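Architecture at a glance
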Amino acid sequence: MKILVVDDSEAFRKVMVELLVRVGFHDTVEAKDFDEAIEVFRRERPKIAFVDMILLGKSGVEVTKAMLAIDPSATIVAMSSIINKKMIRDCMDTGAKDFLLKPTNEIALSSVLAMWSD
Amino acid sequence: MGFFSKKSDVKKSGAEAGLGITRKYNLAGGKSYVVEESPPDISFDAFVNIISTTSGDACKKMVGLAVSRQHPDLIKQKYGLETTPIYWLATRTGPEVISPTNLGILTHTMIQFIDANPCSVILLDGIEYLVSNNDFNKVLRVIDQVNDHISQGKALMIIPVDPRAFEQKEMALLERNMEKISAKLETK
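Conventions used here
- Residues numbered from 1 in each chain as written.
- Chains lettered and ligands numbered in written order.
- Predicted model: local features only at pLDDT ≥ 70, side-chain atom pairs only at ≥ 80, totals over all residues.
- Helix = DSSP H or I, 4+ residues; strand = E, 2+ residues; numbered from the N terminus.
- Buried ≥ 20, exposed ≤ 12 C-beta atoms within 10 Å, placed from the backbone.
- Contact = placed C-beta atoms within 7 Å.
- Core = buried A, V, L, I, M, F, W, Y, C linked by C-beta atoms within 7 Å.
- Nonpolar A, V, L, I, M, F, W, Y, C, P; charged D, E, K, R; others polar.
- Expected span 1.5 Å × (residues − 1).
- pLDDT = per-residue confidence, 0-100.

**A short note on the overall build of chain A**
Check the secondary structure of chain A and you find five helices and five strands. Written out in order from the N terminus, the α and β elements of chain A read β-α-β-α-β-α-β-α-β-α. Taking the principal axes of its C-alpha atoms as reference, chain A extends roughly 30 × 30 × 30 Å. Counting over 118 residues, chain A shows a buried share of 41%. Excluding contacts between residues fewer than 6 apart, the proportion of contacts in chain A whose partners are at least 24 apart in sequence is 58%.

**Overview of the nonpolar core**
Taken as a class, soluble globular proteins show a tendency for nonpolar side chains to be buried jointly. Counting 84 residues, the largest nonpolar core has Ala78(A), Phe47(B), Val121(B) and Ile122(B) as its most contacted members. Examining the composition of this core, we find that seven residues originate from one element, helix α2 (residues 41–51) of chain B, more than from any other. Leaving out residues up to four positions away in the same chain, Val121(B) has contacts with Phe47(B), Ile50(B), Ile51(B), Met62(B), Gly64(B), Ala155(B), Leu156(B) and Ile158(B).

**Description of the interface of chain B and chain A**
At the interface, 19 residues of chain B touch 24 residues of chain A. Every element with two or more residues in the side of chain B that touches chain A is listed here: α2 and α3 (72–79) of chain B. Considering every element that reaches the side of chain B that touches chain A, the biggest residue donor is α2(B), with four residues. In terms of residue class, the side of chain B that touches chain A is made up of eight nonpolar, four polar and seven charged.

**Quick word on helix α6 (residues 136–151) of chain B**
Given a rise of 1.5 Å per residue, 16 residues ought to cover 22 Å, and the 22 Å separating the end C-alpha atoms of α6(B) matches this to within 8%. Among the structural elements, β1 (31–36), α4 (103–116), β5 (120–124), α5 (127–133), β6 (156–161) and α7 (168–175) of chain B are those in contact with the buried residues of α6(B).

**Description of the environment of Ile54(A)**
All names here are of chain A. Counting through the fold element by element, isoleucine 54 comes out in the loop between β3 (48–52) and α3 (60–70). Placed 53 residues apart in sequence, isoleucine 54 and isoleucine 107 show a C-alpha to C-alpha distance of 23 Å. Among residues more than four places away in sequence, those in contact with isoleucine 54 are Ser59, Gly60 and Ser80.

**Here's the deal with the environment of Thr22(B)**
Topologically, Thr22(B) is positioned in the loop between α1 (2–5) and β1. Note on Thr22(B): 20 C-beta atoms within 10 Å, which makes it buried. Linking Thr22(B) and Ser52(B), residues 30 residues apart in sequence, is a C-alpha distance of 9.5 Å. Beyond its immediate sequence surroundings of up to four residues, Thr22(B) is in contact with Asp98(A), Ser111(A), Val112(A), Met115(A) and Thr53(B).

**As for the confidence of the model for chain B**
Detailed reading of the predicted coordinates is not advisable wherever pLDDT falls low. Residue and element names in this part refer to chain B. Per-residue confidence for chain B averages 88 on the pLDDT scale, and 90% of its residues sit at or above 70. Within the model, pLDDT remains below 50 along residues 1–8, and this stretch shows nine contacts once partners closer than five positions in the same chain are excluded. Scoring the predicted complex yields pTM 0.83 and, for the interface, ipTM 0.72.

Below you can see the structure in the form of structure tokens.
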């Protein structure tokens, strides 16, 4: 199962991919902003995308909207280092399935993946 | 007397609005959990996640009380908490402040909250600060007393601990009656 990680921090993407590998998900792709995310999403068709809500340029809500327009069956998990309830609700209203607080850890990530990975 | 005047301050807490997200930490009620970490990110994530989600357990919705060295305004802002009571461990005065040397009020605040809210979760952050202001055994006694109340009901308690701040024997004593949570790798 392919997983996309969208975050403007290269360091965060690297650690997130390492964490995904540790919990048994090896097929990962990365993107740093809206344009790259949509390009990679269109090409790779990941089943799950972890999308940081605060990106340079267009926001995570806009990324979510665009991804679901391409593939409505994709699972989008919003990520942020702050819990802004309005932002989370906007994202869920747009179609994101879940939310993950950054920094994350194996327990939280495994629970989200167990919920949405099949 | 200060100890008793504090009694009326702890009210039945309102529940945080649900966010419709996954319950990521399935911690059983009636137990206390020690999380070896610094900073206390996993503990706060678990606390906020539990009080912002629902589960199919006996306690469908849980309410929380947090005690921390971090200022309540910072915690509210970062974690979007609106109704959860947060107490600041500090040597200041104020309605949301508990002095680190007043272990009686601290114990009483937590126990009264558990009694008023059977489906509750307590986050006790800052035990290193408590130990630096008191004898370790006194702090351990606070935890044991609250833990006794926890184990009689459905509430649960989360205590982040920086293992670098404690001797091996002290860590063993802390973990004696609690379950240990370890998240092997954290993203930064």
